[in-house]
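Next come the chains, spelled out residue by residue.
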Amino acid sequence: MNTFEYLRPATIAEAVAAAAEPGAAYLAAGTNLVDLMKGGISHPTRLVDINRLPGLDRLEHLPDGGVRIGALVRNADLAHDPVFARRFPAIAEALLSGASAQLRNAATVGGNLMQRTRCAYFYDVASACNKRAPGAGCDARGGENRLHAVLGWSESCIATHPSDFCVPLVALDAVVEIEGRAGRREVALESFHQLPGNTPERDSVLGPGELIVAVRLPPAAAKFAAHARYLKVRDRTSYAFAVVSAAAALEVDGGRIAEARLALGGVAARPWRARAAEKVLAGTRPEAATLRRAAEAALAQARPSGENAFKIELARRIVARALALAAAGTPERVPALPASPFASVAGAAVHA
Amino acid sequence: MSFSITLTVNGEMRTVALEDPRVTLLDLLRERLELTGTKKGCDRGQCGACTILVDGRRVNSCLALAVSHDGADILTIEGLATGEALHPVQAAFIAHDGFQCGFCTPGQIMSAVGLIREGQAGDDPERVREGMSGNLCRCGAYAGITQAVLEAQTRLAEADRKLVA
Ligand SMILES: Cc1cc2nc3c(=O)[nH]c(=O)nc-3n(C[C@H](O)[C@H](O)[C@H](O)COP(=O)(O)OP(=O)(O)OC[C@H]3O[C@@H](n4cnc5c(N)ncnc54)[C@H](O)[C@@H]3O)c2cc1C
Ligand code: SF4
Ligand code: FES
Ligand code: FES
């Protein structure tokens, strides 16, 4: 790990000014950044510690029915907040399926959005990687790529975004509040992470010094509370990143789907909103054939980026299963134990 | 640049001068305070051997920069027993063979103390296994670990009931 200048500003304005300098990075819990620094993948010359900035650790239920989650709210605190978990069960379920209890106790909302890909060649500084060293090439293309992207990838990078939390957030139209030198701006989470194109080194729309201050959910996000699930397939049962995941949220009225929300994780460089599938579902009854049609619509543009064609069919099945679980209803206990996709009966006690 | 930070470690105030901001809580405990009970497994957040409680919450000390934790209250495996009397989680690990080589054990025990405080697992073994999944055991002592956590939880709950009564 390179050494660095350590700063602990007292205000957001000071933090933004300090982090706008070339080579600077924000430090939240450090569960991703310190790891990347130990591996020599990131080498900031200045760390701006935001942990003591005032006001960023608040969870506010807004008068209009929306909710505002401060950037320093810890992943575990958000998932275990009883009111939040009841109103947004798929988000709590996604948070609890990520990392480990220890990591969730430390990890922050802002850091979770900004965590970098888990592509093994990005982590291995001896490999060629366009994301780490623009123009160097991409060793993942001819290498171990069974976990890489099947949607939105480019010739220059086939990495995925690893966050679970972001998947239901994007389904529920979350908005990112950003503070920069020019003041505050807001960006829909759906367009916050960038697809790689020719600039895979840019993960997100954040410019130098820009700080995530909060993530906001609109009032409409709460109307799916009775029918919302997050389903994640991993190479082992727990403490592993998603091979594929899906967040499904339904508004059910008289046995019909009034409105559907669907997003996928582990398939692209951003949490992937599946609007075409949402349209297929609107106004239908949640029957197996309809859910399968929605799953097909969600993956219509998918193509393998290597030895990962299996992920496309896997994603269709996970989408159909997540929709079936959501249609069956949010489990009584919220947050539920992260659901096992290997349980035999959709909607049954999935951890039995 | 040099920093001076103050921590409460196992109930004792400790002031430490750091010449380098790169020091993690794990290295600070092991190299500077000679508290080597907390283990370094992967040093990258992937095994849980370095688990300690910071302000009552279990975290991986290998990814926590010490400078960022000025003022924190830290509990490590060395601070768990009361004199010769083992903490109920320690006693339960012995009673249930919750270890073999013992390398992961301080992390497992601190993680179990954190899990019991969080109060999310109840008496469901599946939830205990899920809640303990951040602690790997290369000897595969998982069956005993789950039993130990369940028993310690019951004993601590009984002790709480007696206190109230
Ligand atoms: C072993 C392991 C397993 C994991 N498994 C999962 C998993 O299954 N699912 C999952 O979703 N995640 C997983 N994670 C990742 C984990 O969720 C992230 O490390 C964590 O969310 C990052 O939060 P942090 O506060 O520690 O961020 P930091 O490490 O402090 O920061 C991460 C990045 O975000 C930037 N940043 C932080 N806060 C802000 C802000 N407010 N504004 C702008 N930039 C900011 C930092 O500069 C840095 O670049 C895992 C991590 C580990 C180590
Ligand atoms: S897929 Fe992207 S992150 Fe992985 S090696 Fe290629 S360029 Fe780097
Ligand atoms: S040493 Fe910290 S998690 Fe392995
Ligand atoms: S007892 Fe040997 S690693 Fe767990």
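Residues numbered from 1 in each chain as written. Chains lettered and ligands numbered in written order. Predicted model: local features only at pLDDT ≥ 70, side-chain atom pairs only at ≥ 80, totals over all residues. Heavy atoms only, no water.

(A) Representation of the sheet that holds strand 5 (residues 73-75) of chain B in the model. Residues and elements named next belong to chain B. Strand order in the open sheet made by the five strands is 2-1-5-3-4, with mixed pairing throughout. Because the sheet does not close on itself, it has two edges, and the strands there are strand 2 (12-18) and strand 4 (57-60). Each strand of the sheet is rotated relative to its neighbour by a mean of 40 degrees, with strand direction disregarded. Those strands touched by helix 3 (residues 105-118) are strand 3 (51-54), strand 4 and strand 5, and its axis lies near 40 degrees from that of strand 3. (Pairing = 2+ DSSP bridges. Helix = DSSP H or I, 4+ residues; strand = E, 2+ residues; numbered from the N terminus. Axes fitted to C-alpha atoms, helices over the stretch in contact; angles between N-to-C directions. Contact = heavy atoms within 4.5 Å.)

(B) Highlighting the interface of chain A and chain B. Listed as interface residues are 40 residues of chain A and, on the opposing side, 36 residues of chain B. A combined buried area of about 3100 Å² lies between chain A and chain B, and 48% of that area is made up of carbon and sulfur atoms. A per-residue breakdown of the area chain A buries against chain B is headed by Lys38(A), Gln102(A) and Tyr239(A), which together make up 21% of the total. Residue Asp43(B) pairs with Lys38(A) through a salt bridge whose shortest N-O separation is 3.0 Å. Applying the counting rule to chain A against chain B returns 24 residue pairs in polar contact (both at pLDDT 80 or more). (Buried area = accessible area lost by both parts, 1.4 Å probe. Salt bridge = Lys/Arg side-chain N within 4 Å of Asp/Glu carboxyl O. Polar contact = N/O pair within 3.5 Å; in protein donor to acceptor, adjacent residues only side chain to side chain.)

(C) Seen up close, the site of ligand 1. Of all residues adjacent to ligand 1, which total 34 residues, the nearest are Tyr26(A), Gly30(A), Thr31(A), Thr108(A) and Asp164(A). Looking at the residues close to ligand 1, they fall on chains A and B. At a separation of 2.6 Å, an oxygen atom of ligand 1 approaches a polar backbone atom of Tyr26(A). One of the backbone nitrogen or oxygen atoms of Ala29(A) is found 3.1 Å away from an oxygen atom of ligand 1. The protein chains hide 95% of the 980 Å² of surface that ligand 1 would expose on its own. Counting residues per element, the ones that place at least two in the shell around ligand 1 are helix 7 (109-114) and strand 8 (211-217) of chain A. (Near = heavy atom within 4 Å. Areas by Shrake-Rupley, 256 points an atom, 1.4 Å probe, with all protein chains shown as cover.)

(D) A look at the domain arrangement of chain A. What the domain assignment lists for chain A is domain 1 (1-54) and domain 2 (226-328). Of note, the centres of domain 1 of chain A and domain 2 of chain A, computed from C-alpha atoms alone, are 36 Å apart. (Domains from an automatic or database assignment.)

(E) Structural detail: a nonpolar patch on the surface. Together, Leu86(B), Ile94(B) and Phe99(B) make up a nonpolar patch on the protein surface, roughly 270 Å² of accessible area in all. Along the chain, Ile94(B) turns up in helix 2 (residues 88-95). (Patch = residues over 30% accessible without salt bridge, like charges linked within 9 Å, V, L, I, M, F, W, Y side chains within 5 Å.)

(F) View of the nonpolar core. Counting 40 residues, the largest nonpolar core has Ile91(A), Leu113(A), Leu169(A), Leu189(A), Phe192(A) and Leu217(A) as the members making the most contacts within it. Each residue touching Leu169(A), except ones within four places of it in the same chain, is listed here: Ile91(A), Leu113(A), Ala174(A), Leu189(A), Val215(A) and Leu217(A). In this structure, Met37(A), Val23(B), Leu28(B) and Cys62(B) belong to the second largest nonpolar core, which totals 37 residues. (Core = buried A, V, L, I, M, F, W, Y, C linked by side-chain atoms within 4.5 Å. Buried < 20%, exposed > 50% of the residue type's maximum accessible area, 1.4 Å probe, protein only.)

(G) Representation of the pattern of salt bridges. Throughout the structure, instances matching the rule amount to 35 salt bridges over all chains. Put simply, Asp235(A) and Arg146(A) hold a salt bridge, and the shortest N to O gap is 3.0 Å. You can see Asp235(A) sitting in the loop between strand 9 (228-233) and strand 10 (244-253) and its partner Arg146(A) sitting in the loop between helix 8 (120-123) and helix 9 (166-171), a full 89 residues away along the chain. A relative accessible area of 52% means that Asp235(A) is categorised as exposed. Classification of Arg146(A) as partly exposed rests on a relative accessible area of 34%. With a shortest N-O distance of 2.8 Å, Arg58(B) and Glu118(B) are connected by a salt bridge. In this pair, Arg58(B) sits in strand 4 while Glu118(B) sits in helix 3, placing the two residues 60 residues apart along the sequence.

(H) Structural context of the domain arrangement of chain B. Residue and element names in this part refer to chain B. Segmentation of chain B into domains returns domain 1 (3-78) and domain 2 (88-164). A separation of 22 Å is found between the C-alpha centroids of domain 1 and domain 2. On the domain 2 side, the residues contacting the 16 residues of domain 1 number 17 residues. Inspection of the domain 1/domain 2 interface yields one salt bridge. Where domain 1 touches domain 2, the interface holds six residue pairs in polar contact (both at pLDDT 80 or more). If one sorts the elements of the side of domain 1 that touches domain 2 by residue count, strand 3 sits on top with three residues. Here the side of domain 1 that touches domain 2 is composed, by residue class, of six nonpolar, seven polar and three charged. (Nonpolar A, V, L, I, M, F, W, Y, C, P; charged D, E, K, R; others polar.)

(I) Just helix 3 of chain B, in detail. Residues and elements named next belong to chain B. Look at helix 3: 20 Å from first C-alpha to last across 14 residues, which is about the 20 Å you get at 1.5 Å a residue. With respect to burial, helix 3 is a largely interior element, twelve of its 14 residues being buried. Listed as buried for helix 3 are Thr105, Pro106, Gly107, Gln108, Ile109, Met110, Ser111, Ala112, Val113, Gly114, Leu115 and Ile116. Note on helix 3: the residue one or two positions beyond its end, Gly119, has a positive phi of about 65 degrees. (Expected span 1.5 Å × (residues − 1).)

(J) Broad picture of unusual backbone geometry. All names here are of chain A. A positive phi angle, near 55 degrees, is found at Ala99, a position not held by glycine. Tracing the backbone shows Ala99 in the loop between helix 5 (89-96) and helix 6 (101-106). Exposure remark for Ala99: the relative accessible area of 34% places this residue in the partly exposed category. Notably, Tyr239 is not glycine yet its phi reads approximately 60 degrees, a positive angle. With respect to the helices and strands, Tyr239 occurs in the loop between strand 9 and strand 10.

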